[in-house]
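# Geometric and topological summary
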Amino acid sequence: MTAPFEIRQQDAAGRIGELAVPRADRTVETPALLPVVNPHYRTIDPDRLSAFGVQMLITNSYIIYQDEDLRERARSEGLHELIGFDGPIMTDSGSFQLAEYGDISVTTEEILEFQAEMGSDIATPVDIPTHPDADRETVESDLAETERRLAIAESVDTGDMLVTAPVQGGTFPDLREQAGANAAATDLDVFPVGAVVPLLNNYRYAEAVDLLAAAKRGLGPSRPVHLFGAGHPMTFALMVAMGADLFDSAAYALFARDERYLTVRGTKHLEDIEEFSCTCPVCAEHDPATLRDADETTRTRLLAEHNLHVSMAEMRRIREAIREGSLLELVESRAHAHPSLLDGYRTLLDHVEQLERADRASKSTFFYLSEDSARRPEVRRHHDRLGRLDAEGPLLLTEGQSDDGYEDSWRIKPPFGPVPPALSTTYPLTAEVPERMDDSGYVAAARGVKRLVEANPETKFVVAQFDWPREAIETLPARVTVEDLGSGMGR
Ligand code: GUN
Ligand code: ZN
């Protein structure tokens, strides 16, 4: 059975989707964050989770299976009763324990049957999460084993329960892409990209973006994609923009136990906070000193609540940004909170063609926020369009006023380049750009000119510019006449 996953709105490779979860008779709006609930101890009582905006949670079937008491209760009462949550519940299989401890005592058949029996809504086979630093040979043989287990998962009778097809492949893009294509060819339903936790824990966001991009190429645009173990809210926007739809977070609870306070700009230690700037119920009602003085159980619970509020709020903000068409502005501002996130964003932009194919044509006003904005897919798309346009000459392309003596004159607007008059009031040429443009913006504009000039070999072009940097001037084709409008004061 294929899970009905409907995509409602796109922004870069991010999307608003609706995932139907038939066994729970619910739909989940994506991007969504699933809090991890440990069956042994609940940092936050699961029946309070919907008040945080939680639509679905995730727990570990292997932990339940390993514990005789929990296993028997799960069999007799059912998973939802055992956990104390009546919305959809996804279950993991023990693969993470396999990666941590090297061995687990359950097969894919057994654990899938157990997940089905106790009433899981989305179940997971025992995939092999290969460490990101493993060599190619290891990654290939682990991947072959994961793929055998996906085949077993397809053959198990799971009724109307959805089953995931994890995508492994280490940090080798070709293996990730192939694993994505293989997973998409099964009749399984949800597609988690696995073994990224060691990367994310070490701020290796650039590699995580690359392997997500590769997995997405193999999976294609229509499959719902889960990024296993990506629980820090500062990474959500970036990963959504690369096409992740589902996230799970143990971080909200694990970080709370270490007195760590999550924000969308990074992690803080409770000890170092003088004032809370967050407006969640916990931060509105407590100050840092009170939390520090509270007993450990209360402090951990309150910190976990704050951590979850911040994480859920970021997911809402991301969904709203997609609806509005400002996801890349959000990603760019998040990227500026940490140099490793900036590397992640720059890596995202390396996949500009993949993003451009998914992106929609019209969004909220494009904001140019840093030199990285010059590499956004909207700029790329405009350049591609210039490469298909007919231009009559002689044509003046100018940053200043239109001029007599030319057949025609078009404005130049960095980072886009030439603005055909008919398009001047359409997205993305309505962009808000800074008065003090940077060199990357001018170079991008010159690349736009180059595309137009190359598409019109018979046309004479004049470019009139205010003091462009040398790299931009040198990007212009030699046959373009360049005029200098002055110092830039009149820009
Ligand atoms: N949790 C975090 N990473 C993984 C993974 O690669 N596979 C599974 N099944 N669970 C995970
Ligand atoms: Zn808070």
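Residues numbered from 1 in each chain as written. Chains lettered and ligands numbered in written order. Predicted model: local features only at pLDDT ≥ 70, side-chain atom pairs only at ≥ 80, totals over all residues. Heavy atoms only, no water.

The protein chain carries the name tRNA-guanine(15) transglycosylase in an unreviewed UniProt entry, which gives Halodesulfurarchaeum formicicum as its organism. Among the UniProt annotations of the protein chain, the heading Catalytic activity (unreviewed entry) holds the following wording: "guanosine(15) in tRNA + 7-cyano-7-carbaguanine = 7-cyano-7-carbaguanosine(15) in tRNA + guanine". UniProt, in its Pathway (unreviewed entry) section for the protein chain, records the words "tRNA modification; archaeosine-tRNA biosynthesis." (UniProt positions renumbered as here; feature names shortened; annotations may be inferred.)

### Things to note about the site of ligand 1
Taken together, the residues surrounding ligand 1 are Asp92, Ser95, Phe96, Thr124, Asp127, Pro129, Gln168, Gly194, Ala195, Val197 and Phe228. Contact distances for ligand 1 include 3.0 Å between an oxygen atom and a side-chain N or O atom of Gln168. For ligand 1, whose free accessible area comes to 280 Å², the fraction covered by protein is 95%. Residues of the shell around ligand 1, tallied by class, amount to 5 nonpolar, 4 polar and 2 charged. (Near = heavy atom within 4 Å. Polar contact = N/O pair within 3.5 Å; in protein donor to acceptor, adjacent residues only side chain to side chain. Areas by Shrake-Rupley, 256 points an atom, 1.4 Å probe, with all protein chains shown as cover. Nonpolar A, V, L, I, M, F, W, Y, C, P; charged D, E, K, R; others polar.)

### Re the coordination of the zinc ion (ligand 2)
Coordination sphere of the zinc ion (ligand 2), protein contribution only: Cys278 (SG), Cys280 (SG), Cys283 (SG) and His306 (ND1), at 2.1 to 2.3 Å. For the zinc ion (ligand 2), the 4 donor atoms are set out with angles of 100 to 117° between them, so the coordination reads as tetrahedral. Here the donor residues for the zinc ion (ligand 2) map to a single chain with the spacing C-x1-C-x2-C-x22-H. (Donors = N, O, S within 2.8 Å, 3.2 Å for Na, K, Ca; no water. Tetrahedral: all angles 85-135°; square planar, octahedral: opposite > 155°, others 65-115°.)

### Points about the UniProt feature "binding site: Zn(2+)" (unreviewed entry) in the protein chain
Sequence positions flagged by UniProt for "binding site: Zn(2+)" (unreviewed entry) are, in local numbering, Cys278, Cys280 and Cys283. Set against the second largest pocket, the annotated residues named above that line it are Cys278 and Cys280. Relative to the elements of secondary structure, Cys278 occurs in the loop between strand 13 (266-269) and helix 12 (281-285). Setting aside residues up to four positions removed in sequence, Cys278 forms contacts with Tyr261, Cys283, His306 and Val310. Looking at the secondary structure, you find Cys280 in the loop between strand 13 and helix 12. The residues contacting Cys280, other than those within four sequence positions of it, are His306 and His309. (1 Å grid on protein atoms, 1.4 Å probe; cavity = no way out; pocket = protein on both sides within 12 Å on 5 of 7 lines; lining within 4 Å. Helix = DSSP H or I, 4+ residues; strand = E, 2+ residues; numbered from the N terminus. Contact = heavy atoms within 4.5 Å.)

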